[in-house]
Amino acid sequence: MNYISTRGAGIGERHTFSDILLGGLAKDGGLYLPTEYPRVTADELTAWRTLSYADLAYEILRKFSDDIPAEDLRSLTHSTYTASVYSNVRDHESAVQITPLKTLGEEGGTTVSLLELSNGPTLAFKDMAMQLLGNLFEYTLAKQGQTLNILGATSGDTGSAAEYAMRGKQGVRVFMLSPHQKMSAFQTAQMFSLQDPNIFNLAVVGNFDNCQDIVKAVSNDHAFKAANKIGTVNSINWARVVAQVIYYFKGYFAATKSNAERVSFTVPSGNFGNVCAGHIARMMGLPIEQLVVATNENDVLDEFFRTGIYRVRTAAETYHTTSPSMDISKASNFERFVFDLLGRDPARVLQLFRDVEEKGGFDLAASGDFARVREFGFVSGRSSHADRVDTIRDAFKRYGTMIDTHTADGLKVAREHLKPGVPMIVLETAQPIKFGETIREALEREPERPAAFIGIEELPQKFDIVAADASVVKAYIAERI
Ligand SMILES: *Cc1c(COP(=O)(O)O)cnc(C)c1O
């Protein structure tokens, strides 16, 4: 398997899975994709139906990473996808399944269900990919005799998923910036209660934007970056995307009896990482009818899939919502889909994303390409705070199921795209406890709390308060590596 950039770099060169694993953007600013998507045969689809999550992960990842010896990959997927890691569940059988499918009920002539992706250590779907990344990083760094210092900024979800994935891993340190005293008590406790010596929490006196600016400033200091082996684990990382392909297959098998059936998925979306994996699963041959992109008030993606216009939002137009993990001004993985939509023409992708940088967007409405969006199965919708509250209330009343705000955005939009006889699978991206305030508003009761998280706010916390100054953060890192 060879990888190329969406903007053309690397064509005619060799880039393996391991080569791109530890890097970010391609050298021309594009994103990596395989030169072609591996196809799944009818026989494979039949044989995979009964596999455990770990074995299914092995079969799928093998097609994308033939530079990793088969036995090594098998042991990596088995140590990642085990019941003990995905144990924040309602019952033990669910832990064994890793991503259990929970049926809600019959609506619009079909069955609506939730694919639970948030039973991992931080109660959000980012664990699904990040846990694999932790093991892959440790494995690859040991092979190359290298170390890596991950620098990131978080307002909650991504940072904790990265820390729980990298804790205790050989050769890896994590330096995670978060705005001092601006995360919820629960999220703060999740991150700061980690006592592992390779995890460093930096509470920045400032806001999330200050944290992001510091990460950018440090990353732009190429000499510092190289000397201190600084890396990132953001959502454009290819291994994160490909790890998410697995649960689309798992969800399909759980919702169907034979491979003649088709299903639709609704994906609460921000940076387009999760639904991009759904697109790849479909390109591999998984019988997916629709990929429903659900956004909140930050509706960059909904606007594109309705109109063909992609318009990056300014900071003033980017809203803080009650589904905060979808609060984005642009969708960082979107370029991967555009590359496929344009028939894999890197020159046109380069031009369009130059337009994004120079003019803030592009318009495909008039071109024949936009019509092809439906051929790829994409439709979309948006949700508001009032919709979230209504949907949380409705799901609890009708089905006795408590859902989080992001999953509520998904369910709300899914209901606008039901097709009789085509099962609709809504991806559950977080557990309600992470967004307790809206649960209390909707249900006037406390969110369900998995046993492992009882009393977490009382645990001792390890963090250092730092000024919102890149040079202070650089000195902090340099002293500790
Ligand atoms: C990150 C996140 C999303 C958005 O996923 P993308 O891959 O960025 O589209 C949705 N819900 C939750 C809970 C998340 O943490």
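Residues numbered from 1 in each chain as written. Predicted model: local features only at pLDDT ≥ 70, side-chain atom pairs only at ≥ 80, totals over all residues. Heavy atoms only, no water.

## Observations concerning the nonpolar core
Point 1. Counting 108 residues, the largest nonpolar core has Tyr81, Phe249, Phe272 and Phe334 as the members making the most contacts within it.
Point 2. Broken down by element, the residue count for this core peaks at 12 residues, all from helix α11 (residues 238-255).
Point 3. Once residues lying within four places of it in the same chain are set aside, the contact partners of Phe272 are Val293, Leu301, Phe305, Ala331, Asn333, Phe334, Phe337 and Phe378.
Point 4. Counting 20 residues, the second-largest nonpolar core is a separate cluster that includes Val389, Ile403, Ala408 and Val413. (Core = buried A, V, L, I, M, F, W, Y, C linked by side-chain atoms within 4.5 Å. Buried < 20%, exposed > 50% of the residue type's maximum accessible area, 1.4 Å probe, protein only. Helix = DSSP H or I, 4+ residues; strand = E, 2+ residues; numbered from the N terminus. Contact = heavy atoms within 4.5 Å.)

## With respect to the pattern of salt bridges
Point 1. The tally for this structure, following the rule as stated, stands at 31 salt bridges.
Point 2. Across the pair Arg415 and Glu107 runs a salt bridge, and its minimum N-O distance is 2.8 Å. In this pair, Arg415 is assigned in the loop between α18 (405-414) and β14 (424-428) and Glu107 in strand β3 (residues 101-107), connecting sequence segments 308 residues apart.
Point 3. We classify Arg415 as partly exposed; its relative accessible area is 23%.
Point 4. Accessibility expressed as a relative area gives 9% for Glu107, which makes it buried.
Point 5. The salt bridge partner of Asp340 is Arg344, with a shortest N-O separation of 2.8 Å.
Point 6. A relative accessible area of 5% means that Asp340 is categorised as buried. (Salt bridge = Lys/Arg side-chain N within 4 Å of Asp/Glu carboxyl O.)

## Here's the deal with the environment of Gln351
Point 1. For Gln351, the position within the fold is in helix α15 (residues 346-359).
Point 2. According to the relative accessible area criterion, Gln351 is partly exposed, its value standing at 41%.
Point 3. For the pair Gln351 and Ser184, spaced 167 residues apart in sequence, the C-alpha to C-alpha distance is 41 Å.

## What to know about the sheet that holds strand β8 (residues 230-231)
Point 1. Read across the open sheet, the 5 strands follow the order β8-β5-β6-β7-β15; overall the sheet is parallel. Edge positions in the sheet fall to β8 and β15 (464-467), since each has one partner strand and no second.
Point 2. Its contacts with the sheet put helix α9 (residues 208-220) on β5 (148-153), β6 (172-179), β7 (199-205) and β15, and the angle it makes with β5 is roughly 145 degrees. (Pairing = 2+ DSSP bridges. Axes fitted to C-alpha atoms, helices over the stretch in contact; angles between N-to-C directions.)

## Regarding the layout of surface pockets
Point 1. Of the pockets and cavities examined, the second largest pocket occupies roughly 160 Å³.
Point 2. Ser79, Thr80, Ser84, Val85, Ser87, Pro121, Gln131, Asn135, Tyr164, Arg167 and Lys169 together form the lining of the second largest pocket.
Point 3. Among the elements of the structure, α4 (70-80) and α6 (126-144) are those that each provide at least two residues to the lining of the second largest pocket.
Point 4. Of the residues that constitute the lining of the second largest pocket, the class distribution is 3 nonpolar, 6 polar and 2 charged. (1 Å grid on protein atoms, 1.4 Å probe; cavity = no way out; pocket = protein on both sides within 12 Å on 5 of 7 lines; lining within 4 Å. Points joined across faces, edges and corners; volume = space filled by probe spheres on them. Nonpolar A, V, L, I, M, F, W, Y, C, P; charged D, E, K, R; others polar.)

## Examining the UniProt feature "domain: Tryptophan synthase beta chain-like PALP" (unreviewed entry) in the protein
Point 1. Here, UniProt's "domain: Tryptophan synthase beta chain-like PALP" (unreviewed entry) annotation points to residues 93-346.
Point 2. For residues 93-346, the helix share is 42%, the strand share is 21%, and the end-to-end C-alpha distance is 46 Å. (UniProt positions renumbered as here; feature names shortened; annotations may be inferred.)

## With respect to the site of the ligand
Point 1. Lining the immediate environment of the ligand, one finds 15 residues, of which Lys126, Asp157, Gly270, Asn271 and Asn274 sit closest.
Point 2. In the model, an oxygen atom of the ligand is placed 3.2 Å from a nitrogen or oxygen of the Gly273 main chain.
Point 3. Coverage of the ligand by the protein amounts to 97% of the 380 Å² it exposes when considered alone.
Point 4. For the shell around the ligand, the per-class residue count stands at 5 nonpolar, 8 polar and 2 charged. (Near = heavy atom within 4 Å. Polar contact = N/O pair within 3.5 Å; in protein donor to acceptor, adjacent residues only side chain to side chain. Areas by Shrake-Rupley, 256 points an atom, 1.4 Å probe, with all protein chains shown as cover.)

## Some remarks on the sheet that holds β14
Point 1. Strand order across the open sheet formed by 6 strands is β3-β4-β14-β9-β10-β13, with mixed pairing between neighbours. Looking at strand neighbours, the two that pair on one side only are β3 and β13 (378-382), the edges of this open sheet. Strand-to-strand twist of the sheet, defined as the mean angle between neighbouring strand axes without regard to direction, takes the value 25 degrees.
Point 2. Note: strand β4 (residues 110-116) against β14, 5 bridges, orientation parallel. Looking at β14, one finds that Val112 is bridged to Met424.
Point 3. Where helix α13 (residues 300-307) meets the sheet, its contacts fall on β10 (288-295) and β13, and the angle it forms with β13 comes to roughly 130 degrees.

## Quick word on the environment of Met283
Point 1. Mapped onto the secondary structure, Met283 falls in helix α12 (residues 273-283).
Point 2. Distance from Met283 to Tyr37, taken between C-alpha atoms, is 6.7 Å for residues 246 residues apart in sequence.
Point 3. Non-local contacts of Met283, meaning those with residues more than four positions away in its chain, are made with Tyr37, Arg39 and Phe376.

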